[in-house]
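# Structure at a glance
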Amino acid sequence: MQATDQREPYMELQEGSDSELWQSEVITSFYGNMADTAKTTHPQPAGRPEKGAEFGYVGIDAILEQMRRKAMKQGFELNIMVVGQSGLGKSTLINTLFKSKVSRRSVMPSDEERIPKTIEIKSVSHDIEEKGVRMKLTVIDTPGFGDQINNENCWQPIMKFINEQYEQYLQEEINISRKKRIPDSRVHCCIYFIPPTGHCLRPIDIEFMRHLSKVVNIVPVIAKADTLTLEERDFFKQKIREDLRVNEIEVYPQKEFDEDSEDRMINDKIREMIPFAVVGSDQEYQVNGKRLLGRKTRWGTVEVENTAHCEFAYLRDLLIRTHMQNLKDITSSIHYEVYRVRRLNENNTHPSDQPNGHSNGVPTHEVLSHEM
Amino acid sequence: MAATEIARQAGEGARAVPLSGHVGFDSMPDQLVNKSVNHGFCFNILCVGETGLGKSTLMDTLFNTKFEGDPTQHNQPGVQLKSNTYELQESNVRLKLTIVNSVGFGDQINKEDSYKPIVEFIDTQFEAYLQEELKIKRTLHSYHDTRVHACLYFISPTGHSLKSLDLVTMKKLDSKVNIIPIIAKSDAISKSELAKFKIKITSELVSNGVQIYQFPTDDETVAEINSTMNGHLPFAVVGSTEEVKIGNKMVKARQYPWGTVQVENENHCDFVKLREMLIRVNMEDLREQTHTRHYELYRRCKLEEMGFKDTDPDSKPFSLQETYEAKRNEFMGELQKKEEEMRQMFVQRVKEKEAELKEAEKELHEKFDRLKKLHQDEKKKLEDKKKSLDDELNIFKQKKTAAELLQSQAQQAGGSTTLKRDKERKNSGFL
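Source: prediction; values computed, not measured. (Residues numbered from 1 in each chain as written. Chains lettered and ligands numbered in written order. Predicted model: local features only at pLDDT ≥ 70, side-chain atom pairs only at ≥ 80, totals over all residues. Heavy atoms only, no water.)

## Section: the overall build of chain A
Of regular secondary structure, chain A possesses 11 helices and 9 strands. Taking all 372 residues of chain A together, 54% fall into the buried category. Restricting the contact set of chain A to residue pairs at least 6 apart, pairs at least 24 apart contribute 66%. Here chain A has roughly 17,300 Å² of accessible surface; of this, 51% comes from carbon and sulfur atoms. (Helix = DSSP H or I, 4+ residues; strand = E, 2+ residues; numbered from the N terminus. Buried < 20%, exposed > 50% of the residue type's maximum accessible area, 1.4 Å probe, protein only. Contact = heavy atoms within 4.5 Å. Areas by Shrake-Rupley, 256 points an atom, 1.4 Å probe, with all protein chains shown as cover.)

Printed below as a string of structure tokens:
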């Protein structure tokens, strides 16, 4: 079903927001690139002087259009995991992000009473569509995380789940006759909710992020940020960044995976803002004659999409509009590969393994090359 | 420790949820395309056809550049494949184009094995990709894909039917690569002959069960154009890099005394159709088919050949590892056996050599003995002879003394003249 609300073109942020916003620069540069791929512009094939568009044009750049068509037909998949103590607004945030009731919490309010005795992992899939682009969104919820009295090893079930998804993908990949398109259930992004204490990271936060930043992309956010003033927020963020640095926790976007200087520039700007202070809401209120998502209190209304109020818009842009493909790429080409290497090595007990970058140290390689 | 419960709700059939506002993931295709643009594209074309059919010229015309290379001679001893990689760029799209030409195809007298180098080449590329995919530490996303995405098969414009070499080669290639048959140098055929020729070729291909590449008709945007083009296969093309002035434009054409064949004129030849289909409409699909159909088939056959089978899902990696281990042990066992064999052979050879040498030594000894014996015999004979000579000498001496004695006796008895005695004395003095 198409989105019915037409009032927000994708350049909406430029309308009601501050001037020096990194993301508007990012978006324009992105979409600026897109405009250049129109087919009628000047081709420069190697070695041939330009003689006139008709004559010299080969049409190689039509492949972009072909790729786009193929992608639209296939649809996309995205798997997001939300982790945090109960009551931090995880489900609300997901609903705000995707502007729909994707999270079960809001559907069955009776569940709010129950605090699970164990950590559960609930995964719900939805098909959403926007402007012809279909996406299968899977939200993985972790009720019960951090809610017990003794929270030791609370990350283990989550880590196990993530590894199970990798395992499933690996099994499918090493099949002899495998499917045309391997269903991707790997967790692309894990949003970690930090309670707005205003002080620093708690031990459970540090432990969790330390363990999981090695297997999945973690995006930390400060939940319910409308309880912090701007100064408290900045101080809190600084402390958090300090804590992350001291504990050597690499959250998304990881410094080591920046591909070129352009990437680094964009990502540096993001890294300066992490963790995003977000507020979620799925109710609309009337503000200045416009209907906006927000939280109404007696002293004012917090507008969710107003970047002066909270950083929800930045988070949304990061996750959805600009870095979604990047999240998936890092998951598949780095985290998954690390898992695969570990998995294939642990069953291999041959002493002559040499895990250096060029040889692959597994007997299969010898077997293959000699048996041909 | 907290236990885990995993509940998958609405698993496979995810429910559709309406959006109440603009989320923004419609930029996903753009993000994907952007990433690919940064990465660059690869495209590999294989040109198979007899020498002199205009393969290199057609490539030059298709991509508007002069690729290197001189026209090949006809005296090649066997079929070889020459591949060249070029980097082309158009607006912001970088393409790594690899063109593989078959050299010497159809020139030999015995053409039975002509298709083999081509099949081997295609298999080698698949193999390289398979090896990369099976490595433990792999870099698939930055791997330079050399698998052949499209094979342009050049049919010579006889006007009658396909040659048997063509049929055999295409039959061998159709399960390994996307084949697009084209009629080369089609300005040698008239329009009516061309129509008949095309029909004949298509029917021969169908009756021999050769599967050529069909342009995909499942996507509505291109279904129509693709299905029309499917009906025009095989394309009759003319290639030219020379330009001729027609009207007030410079166009690519071939000039004859009786007229000019314009390459990009749809009435003259199907070059424009080929370019449309190959590059502008279906390049991505060609790559996809190569990866999902031909490569998967190769991979499956290869792995099954090596003895891997799909077992139940939960024991998969183990059984794979076990199979690896088993294969490995088998292989090591074979190695050891071979080593033993070689060692034994070596020992054997040494023994033989030793025996030979001993034989030779013995012979030498014998010879020496023989010679020695001969020598002794000779010596003995000589001694015998000498002895007999000595004997004779002795006898003679005896006779002589006896004769002298007689003489002196005779002298004493006679009182003969001193002259006689002197004479005799002289005579005996002589003796």
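Text resumes after the structure shown.
## Thoughts on the packing of aromatic side chains
The geometry of an aromatic ring pair is captured by two quantities: the separation of the ring centres and the angle between the planes. Per the counting criterion, the structure on display carries 14 aromatic pairs over all chains. When the ring of Phe 145 of chain A is compared with that of Phe 208 of chain A, the centres are 5.0 Å apart and the planes differ by 70°; the resulting orientation is edge-to-face. Of this pair, Phe 145 of chain A sits in the loop between β3 (133-141) and α5 (155-173) while Phe 208 of chain A sits in helix α6 (residues 203-212); the two residues are 63 residues apart in sequence, bridging distant segments of the chain. With a relative accessible area of 0%, Phe 208 of chain A lands in the buried category. Centroid distance Phe 105 of chain B to Tyr 153 of chain B: 6.5 Å. Interplanar angle 90°. Geometry classified as edge-to-face. One end of the pair, Phe 105 of chain B, is in the loop between β5 (93-103) and α3 (115-134); the other, Tyr 153 of chain B, is in strand β6 (residues 150-155), and 48 residues separate them in sequence. The class for Phe 105 of chain B is buried, based on a relative accessible area of 1%. Grouped by ring-pair contacts, the aromatic residues Phe 126, Tyr 129, Tyr 143, Tyr 295 and Tyr 298 of chain B constitute a single cluster. The ring of Tyr 336 of chain A is capped by Arg 186 of chain A, whose NZ or CZ atom sits 4.8 Å from the centre of that ring. For Arg 147 of chain B, the ring lying beneath its charged end belongs to Tyr 129 of chain B, and the centroid distance is 3.7 Å. (Phe/Tyr/Trp six-rings, centres within 6.5 Å; stacked < 30°, edge-to-face > 60°. Lys NZ or Arg CZ within 6 Å of the ring centre and 35° of its normal.)

## A closer look at the domain arrangement of chain B
Its domain assignment divides chain B into domain 1 (39-306) and domain 2 (318-395). Just the C-alpha atoms count here: the centres of domain 1 of chain B and domain 2 of chain B sit 65 Å apart. (Domains from an automatic or database assignment.)

## As for the sheet that holds strand β9 (residues 243-246) of chain B
Residues and elements named next belong to chain B. The strand order across the open sheet built from 3 strands is β9-β10-β11, with neighbouring strands paired in antiparallel fashion. Every other strand in the sheet has two partners, leaving β9 and β11 (259-262) as the edge strands with one partner each. Each adjacent strand pair in this sheet contributes to an overall mean axis angle of 65°, direction not counted. Pairing geometry for β9 and strand β10 (residues 249-256), over 4 bridges, is antiparallel. Counterpart to Ile 246 in the pairing with β10 is Lys 249. (Pairing = 2+ DSSP bridges. Axes fitted to C-alpha atoms, helices over the stretch in contact; angles between N-to-C directions.)

## Considering the packing of helix α2 (residues 55-63) of chain B against helix α7 (residues 271-281) of chain B
All names here are of chain B. At a closest axis distance of 11 Å, the pairing of α2 and α7 adopts a crossing angle of 70°. By the criterion of interaxial angle, the relationship of α2 to α7 is roughly perpendicular. Residue-level inspection shows Leu 58, Thr 61, Leu 62 and Phe 63 of α2 in contact with α7, the latter providing Phe 271, Leu 274, Arg 275, Leu 278 and Ile 279. Partitioning the contact of α2 with α7 into residue classes produces 7 nonpolar, 1 polar and 1 charged. (Parallel < 35°, antiparallel > 145°, perpendicular 65-115°, else oblique. Nonpolar A, V, L, I, M, F, W, Y, C, P; charged D, E, K, R; others polar.)

## Some thoughts on the environment of Val 251 of chain B
All names here are of chain B. Structurally, Val 251 is set in strand β10. The exposure class assigned to Val 251 is buried, which follows from its relative accessible area of 17%. Linking Val 251 and Gln 262, residues 11 residues apart in sequence, is a C-alpha distance of 7.0 Å.

## So, a nonpolar patch on the surface
Taken together, the side chains of Phe 346, Val 347 and Val 350 of chain B present a nonpolar region at the surface, about 270 Å² in accessible area. Owing to a relative accessible area of 41%, Val 347 of chain B belongs among the partly exposed residues under this scheme. (Patch = residues over 30% accessible without salt bridge, like charges linked within 9 Å, V, L, I, M, F, W, Y side chains within 5 Å. Salt bridge = Lys/Arg side-chain N within 4 Å of Asp/Glu carboxyl O.)

## Structural notes on a negative patch on the surface
Residues and elements named next belong to chain B. A cluster of acidic residues, Glu 352, Glu 356, Glu 359, Glu 363, Glu 366 and Asp 369, forms a negative patch at the surface. Along the chain, the position of Glu 363 falls in helix α9 (residues 316-414). A residue is classified by how much of its surface remains accessible, and Glu 363, at 54% relative accessible area, is exposed. (Lys, Arg positive; Asp, Glu negative; His and termini not counted. Charge placed at Lys NZ, Arg CZ, Asp CG, Glu CD.)

## Things to note about the confidence of the model for chain B
All names here are of chain B. When the pLDDT values of chain B are averaged, the result is 83; 88% of them are 70 or greater. Here strand β1 (residues 4-9) stands out as the least confident element of chain B, with mean pLDDT 37; β6 is the most confident, with 91. Across residues 1-12, where pLDDT falls below 50, the model places 27 contacts with residues more than four positions away in sequence or in other chains. In the predicted structure, residues 312-316 sits below a pLDDT of 50 and forms 6 contacts with residues beyond four places in sequence or in another chain. (pLDDT = per-residue confidence, 0-100.)

## Observations concerning the nonpolar core
The biggest cluster of nonpolar side chains holds 89 residues, and the ones touching the most others in it are Phe 98, Phe 208 and Met 209 of chain A. Setting aside its immediate chain neighbours within four residues, Phe 208 of chain A contacts Val 83, Phe 145, Trp 155, Ile 158, Cys 190, Tyr 192 and Ile 218 of chain A. Val 48, Met 59, Leu 88 and Tyr 295 of chain B belong to the second-largest nonpolar core, a separate cluster that totals 87 residues. (Core = buried A, V, L, I, M, F, W, Y, C linked by side-chain atoms within 4.5 Å.)

## As for the side chain of Gln 325 of chain A
Locating Gln 325 of chain A in the fold gives a position in helix α10 (residues 324-346). Residues within four places of Gln 325 of chain A in sequence aside, it is in contact with Met 28, Gln 31, Leu 32 and Lys 35 of chain B.

## Structural notes on unusual backbone geometry
In this structure, Pro 275 of chain A follows Ile 274 of chain A across a cis peptide bond, with omega equal to -5°. Note on placement: Pro 275 of chain A falls in the loop between α8 (261-273) and β6 (276-277). Look at the link from Leu 233 of chain B to Pro 234 of chain B: it is a cis peptide, with omega at -10°. For Pro 234 of chain B, the position within the fold is in the loop between α6 (220-232) and β8 (235-236). The phi angle at Asn 153 of chain A is positive, at roughly 55°, despite the residue not being glycine. Here Asn 153 of chain A is to be found in the loop between β3 and α5.

## Quick look at α6 of chain A
What α6 of chain A keeps buried is the set Ile 204, Asp 205, Ile 206, Phe 208, Met 209 and Leu 212 of chain A. Taken together, the buried residues of α6 of chain A touch β1 (76-83), α5, β4 (189-194), β5 (218-222) and α7 (230-246) of chain A.

## Section: the sheet that holds strand β9 (residues 300-303) of chain A
All names here are of chain A. What the 3 strands build is an open sheet, ordered β7-β8-β9; its pairing is antiparallel. A single partner strand is all that each edge strand has here, and the edge strands are β7 (284-287) and β9. Averaged over neighbouring strand pairs, the angle between their axes works out to 70° when direction is ignored. In terms of strand pairing, β7 meets strand β8 (residues 290-297) through 4 bridges, oriented antiparallel.

## Brief notes about the packing of α10 of chain A against helix α1 (residues 28-39) of chain B
Between α10 of chain A and α1 of chain B, the least distance of the axes is 8 Å, while the angle of their chain directions is 55°. Classified by the angle their axes make, α10 of chain A and α1 of chain B are oblique. Seen from α10 of chain A, the contacting residues are Met 324, Gln 325, Lys 328 and Asp 329 of chain A; seen from α1 of chain B, they are Met 28, Gln 31, Leu 32 and Lys 35 of chain B. When grouped by side-chain class, the residues that make up the contact of α10 of chain A with α1 of chain B number 3 nonpolar, 2 polar and 3 charged.

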